[in-house]
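Now for the letters of each chain:
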Amino acid sequence: MFEPHLFGWDSPTRDIAATVGVVVFLIATRWLAFPASIWEQDEAYFATAVLAFDPTANHPHPPWFPLWIGLGKLVHGFVGDPGRALQLLGAALSVWMVFPLTSLWSLMMDRTHALLATLVFLHLPGIWLLSGSGFTETAATSLLVCAGAFWFGRPADRGLIAGSIAAGCCVLIRPHFLVAVLPMLVVALRPLSWRRTATVIGPAAILGGAAAAWLLATAGVPELIEAVRAHGSLHF
């Protein structure tokens, strides 16, 4: 997932060269779909939150997507437009997704077919067109896949911890994905001892606590509850 070897060939030089070719191809296709500006209201909320994170003012709307806004602030330091910063993040993670998704599908099929399946997935119309948007789905999906590849492909403690960190980051980017993370976590935990279970849950819990502390530092519990109520009244 973090090594430039997509094909698993015996020759590392050939493998790296071919992997670079795949990455360049993905960059080119992401560039073709890259939007000229933000698409809709939620992206505008995210962009304003990059400039000034204020949950009580719908910047952004609940559930506040804390890590996505934090990453946006980081990239915004190098890119002048906050919306563009989020779009570049989404596009970059869409390209990087080829590594964890190929690793995950390699657990179910041979490496060549896993890579081909990954490339097909990354060029499905919805995945491709949204790859350069400021929405959270692409980034969260890439980390969800990364968590699965670590949990089910590298069951040693180091892999379990890495998967937990990826899962925690996934939920902090898009909290809705907790629905997908929890079943994977249950399956990953089934064969583990209590000590190794704590190894898996610990990093994600620490990340969640840090995000909660950041939210509470910007607004009190009553204010956050009121923000949820006001947002819900507009949509439900």
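Residues numbered from 1 in each chain as written. Predicted model: local features only at pLDDT ≥ 70, side-chain atom pairs only at ≥ 80, totals over all residues. Heavy atoms only, no water.

**Describing the overall build of the chain**
Then comes step 1: In terms of helices and strands, the chain carries twelve helices and zero strands.
Then comes step 2: For the chain, the C-alpha radius of gyration of 19 Å lies close to 18 Å, the compact-globule estimate for 236 residues.
Then comes step 3: Principal axes of the C-alpha set define a box for the chain whose edges measure 60 × 50 × 35 Å.
Then comes step 4: Per-residue burial for the chain yields a buried fraction of 46% across its 236 residues. (Helix = DSSP H or I, 4+ residues; strand = E, 2+ residues; numbered from the N terminus. Rg over C-alpha atoms; globule rule 2.2 N^0.38 Å. Buried < 20%, exposed > 50% of the residue type's maximum accessible area, 1.4 Å probe, protein only.)

**Some details on the packing of aromatic side chains**
Then comes step 1: Applying the stated rule across the entire model yields four aromatic pairs.
Then comes step 2: Each ring, one from Phe46 and one from Phe65, has its centre 5.0 Å from the other, and the planes form 85°; the classification is edge-to-face. Of this pair, Phe46 sits in helix H2 (residues 41-51) while Phe65 sits in the loop between H2 and helix H3 (66-76), and the two are 19 residues apart along the sequence.
Then comes step 3: Note on Phe46: relative accessible area 2%, which makes it buried.
Then comes step 4: On the numbers, 6.3 Å between centres and 85° between planes, the contact of Trp105 with Phe121 is edge-to-face. (Phe/Tyr/Trp six-rings, centres within 6.5 Å; stacked < 30°, edge-to-face > 60°.)

**Some details on unusual backbone geometry**
Then comes step 1: Here the bond from His59 into Pro60 is cis, since omega is 0°, no more than 30 degrees from zero.
Then comes step 2: Tracing the backbone shows Pro60 in the loop between H2 and H3.
Then comes step 3: Omega for the peptide link from Pro62 to Pro63 comes to 5°, which places this bond in the cis form.
Then comes step 4: With respect to the helices and strands, Pro63 occurs in the loop between H2 and H3.
Then comes step 5: The backbone of Trp64 sits at a positive phi, close to 80°, despite the residue not being glycine.
Then comes step 6: With respect to the element layout, Trp64 can be found in the loop between H2 and H3.

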